[in-house]
Amino acid sequence: MAALLLLPLLLLLPLLLLKLHLWPQLRWLAADLAFAVRALRCKRALRARALAAAAADPEGPEGGCSLAWRLAQLARQRPAHTFLIHGARRFSYAEAERESNRVARAFLRARGWDWGPGGGAGGAGEGERASHGARDAAAGSGAAPAVWEGDGAAGAGETAAPLAPGATVALLLPACPEFLWLWFGLAKAGLRTAFVPTALRRGPLLHCLRSCGARALVLAPEFLESLEPDLPALRAMGLRLWAAGPETHPAGISDLLAEASAEVGGPVPGALSAPQSIMDTCLYIFTSGTTGLPKAARISHLKILQCQGFYQLCGAHQEDVIYLTLPLYHMSGSLLGIVGCLGIGATVVLKSKFSAGQFWEDCQQHRVTVFQYIGELCRYLVNQPPTKAERGHKVRLAVGSGLRPDTWERFVRRFGPLQVLETYGLTEGNVATFNYTGRPGAVGRASWLYKHVFPFSLIRYDVTTGEPIRDTRGHCVTTSPGEPGLLVAPVNQQSPFLGYAGGPELARGKLLKDVFRPGDVFFNTGDLLVCDDEGFLRFHDRTGDTFRWKGENVATTEVAEALEALDFLQEVNVYGVTVPGHEGRAGMAALVLRPPHSLDLQQLYAHVSENLPPYARPRFLRLQESLATTETFKQQKVRMAKEGFDPSVLSDPLYILDQAGGGYVPLTPARYHALLAGDLRI
């Protein structure tokens, strides 16, 4: 009996003997364990799907690539279940399968295939998989895309030559059902897709098409007018041009949807899309970075398969209705939103454009239970005036990335009860984090259980040199709790880094070698994160956004969060600007006022003096009507930094920190010239 009483104490003894500093992390052991089990189950389920597809009849629809066989599987298992809602249009999984099959057959005709009666196909060339490999090599060489034999563009009055197997077809379309049918159809036809950002024109557009080796372009009819100056250059590149709609087209541009509608919707043989290797590139997504021209990130069949598990990891299920209002050319919209929805067999409500005023009405109308956010989307919602529709909704889960702590708390307080699941990841990256506990401001956990499933490390980083800090042996050094560190993840067969289409110089700096031991290779995310005593990860800053001033590192996110606590400020963008005669970069903040407030410079100065160290206090302020953002709601820091603070160039009200007077004063031309002359101290 005494032994039985002592048994619980003996079981607890190892915990009692642990160092005291481990207890904060052990508090979350149950949540960490639950997520680790979910992740392992998800991995096992995805592996079983992949093995089933590999063993399937290659002539059947479930023997193809991961995207093709998953859609065919859902069309068989849940044919009548609604897959997609777009405005007044609704499509079941069976209808989505038929629509994409028609598009696949249209593209196969463009490849030179001859579909006989009953849907049979002929005309397949030998060595098709070898041609895929050749395309991979060509896209990675950095050279301009070659015109493959029999793959030239059609000039006026000419018949277009066939597309080669594995050729890349670019899509320039808004978020709509046709985007999905084209993407799925291209995958089934054994062709690659490139998602082109819809705002690109002229030089940046041509750059994207060249970098991914595109041989054809499908564009939205509504873009034809703005693309008219680009058409000669597109034709000169040898591109085959299609429009996705029946409107009047210029010569040489045919209606792909009309061609697809003439095809039957029967199954397409899986062998046409089955990859030689799961690491093969099947898609290009252009990084929406704020510096330089976009880069075409390679997306493998493996990554498509992994993204099928996204919503399962988030705790969503097949009866959920997911609201998606993100661009489909972005990873969050296409891979996480659409492919993640396919992974659980749920319903997605697709919006071509985000509307903060319409959001809650849409959620009520379609009985939305999950929505996906990015960047400032949630901030736009909390800044809207209250409406009846925001109460009584069915939304229980918000999933996404880039939600700042102040907006997080306001969002849950106003629109809750609901769970916010903040995540972190990169289009080309091999690491992702999930804040499955709901801790405001955190992007994930760094528990040993999580890192066992999704390994990563935080290493010390020198902002001045832009390089990791290494010890005497040449190895990187991990950070301590509370210390900002560079997020890196090991590169291996399970977590590869495929890089970008183009020359190897595009991936320079993305891979770190000899990080912890000779010969190891890690992916460099370029992001600084902080792990606290409880094991929660918080985003600190982009390595390029953090700047040095007065010999200290300034994190733009920390300064922005301090300013956002002021009730008269609605939006804040913090960045560093170069000041002649000064080392480093001085902090500058672009501000948007919250109606009907006015700018209170005295309160602002008192607030930053109390909440920020002297070196982190913004030296310049710029008052704007609205902040410049990318199409994926990321703030434009580089552009703002280039615009500087010259009052003779900028029409916005500008202010400068007056150290002697203890406050912010208007930045007049006289003060600007005094600063450049060294007569004004900041």
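- In the nomenclature of an unreviewed UniProt entry, the protein chain is known as long-chain-fatty-acid--CoA ligase of Equus asinus.

### A short note on the overall build of the protein chain
Then, number 1: A count of helical and extended segments in the protein chain gives 22 helices and 32 strands.
Then, number 2: Here the protein chain holds 682 residues, and 55% of them are scored as buried.
Then, number 3: Counting only contacts in the protein chain whose residues sit at least 6 apart along the sequence, the fraction spanning at least 24 positions is 69%.
Then, number 4: In the structure as shown, the protein chain presents an accessible area of about 29,100 Å², 55% of it carried by carbon and sulfur atoms.

### Focus on unusual backbone geometry
Then, number 1: Following G416, the chain continues into P417 via a peptide bond in cis, with omega recorded as 5°.
Then, number 2: Relative to the assigned elements, P417 resides in the loop between α17 (405–415) and β16 (419–425).
Then, number 3: Following P595, the chain continues into P596 via a peptide bond in cis, with omega recorded as 5°.
Then, number 4: In this structure, P596 sits in the loop between β29 (586–593) and α20 (601–611).
Then, number 5: Phi at R202 is positive, roughly 55°, even though this residue is not glycine.
Then, number 6: Examined against the element boundaries, R202 turns out to sit in helix α8 (residues 202–211).

### Structural notes on the sheet that holds strand β30 (residues 620–623)
Then, number 1: Within the open sheet, the five strands sit side by side as β28-β29-β30-β31-β32. Their pairing is mixed. Looking at strand neighbours, the two that pair on one side only are β28 (569–577) and β32 (663–666), the edges of this open sheet. Each neighbouring strand pair of the sheet contributes to a mean axis angle of 25°, computed without reference to strand direction.
Then, number 2: As defined by bridge partners, strand β31 (residues 654–658) adjoins β32 across four bridges and the pair is classed as antiparallel. In the sheet register, I656 faces β32, and the bridge partner there is V665.
Then, number 3: Each of β28 and β29 is contacted by helix α19 (residues 556–564), which is oriented at about 150° to β28, the strand it contacts most.
Then, number 4: Each of β28, β29, β30, β31 and β32 is contacted by α20, which is oriented at about 140° to β32, the strand it contacts most.

### Details of the state of the cysteines
Then, number 1: Counted according to the given criterion, the structure contains zero disulfides.
Then, number 2: The cysteine C212 is free of any disulfide, with C208 supplying the nearest cysteine sulfur at 7.5 Å.
Then, number 3: Accessibility expressed as a relative area gives 1% for C212, which makes it buried.

### Description of helix α4 (residues 66–77)
Then, number 1: The end-to-end C-alpha distance of α4 is 16 Å, a good match for the 16 Å that twelve residues give at a rise of 1.5 Å each.
Then, number 2: Among the twelve residues in α4, ten count as buried, and that is most of the element.
Then, number 3: Along α4, the residues classified as buried are S66, L67, A68, W69, R70, L71, A72, Q73, L74 and A75.
Then, number 4: Looking at the buried side of α4, the elements it contacts are α3 (29–55), α5 (93–110), α7 (177–188), α12 (301–307) and α14 (331–344).

Cut-offs applied
- Residues numbered from 1 in each chain as written.
- Predicted model: local features only at pLDDT ≥ 70, side-chain atom pairs only at ≥ 80, totals over all residues.
- Heavy atoms only, no water.
- Helix = DSSP H or I, 4+ residues; strand = E, 2+ residues; numbered from the N terminus.
- Buried < 20%, exposed > 50% of the residue type's maximum accessible area, 1.4 Å probe, protein only.
- Contact = heavy atoms within 4.5 Å.
- Areas by Shrake-Rupley, 256 points an atom, 1.4 Å probe, with all protein chains shown as cover.
- Pairing = 2+ DSSP bridges.
- Axes fitted to C-alpha atoms, helices over the stretch in contact; angles between N-to-C directions.
- Disulfide = S-S within 2.5 Å.
- Expected span 1.5 Å × (residues − 1).

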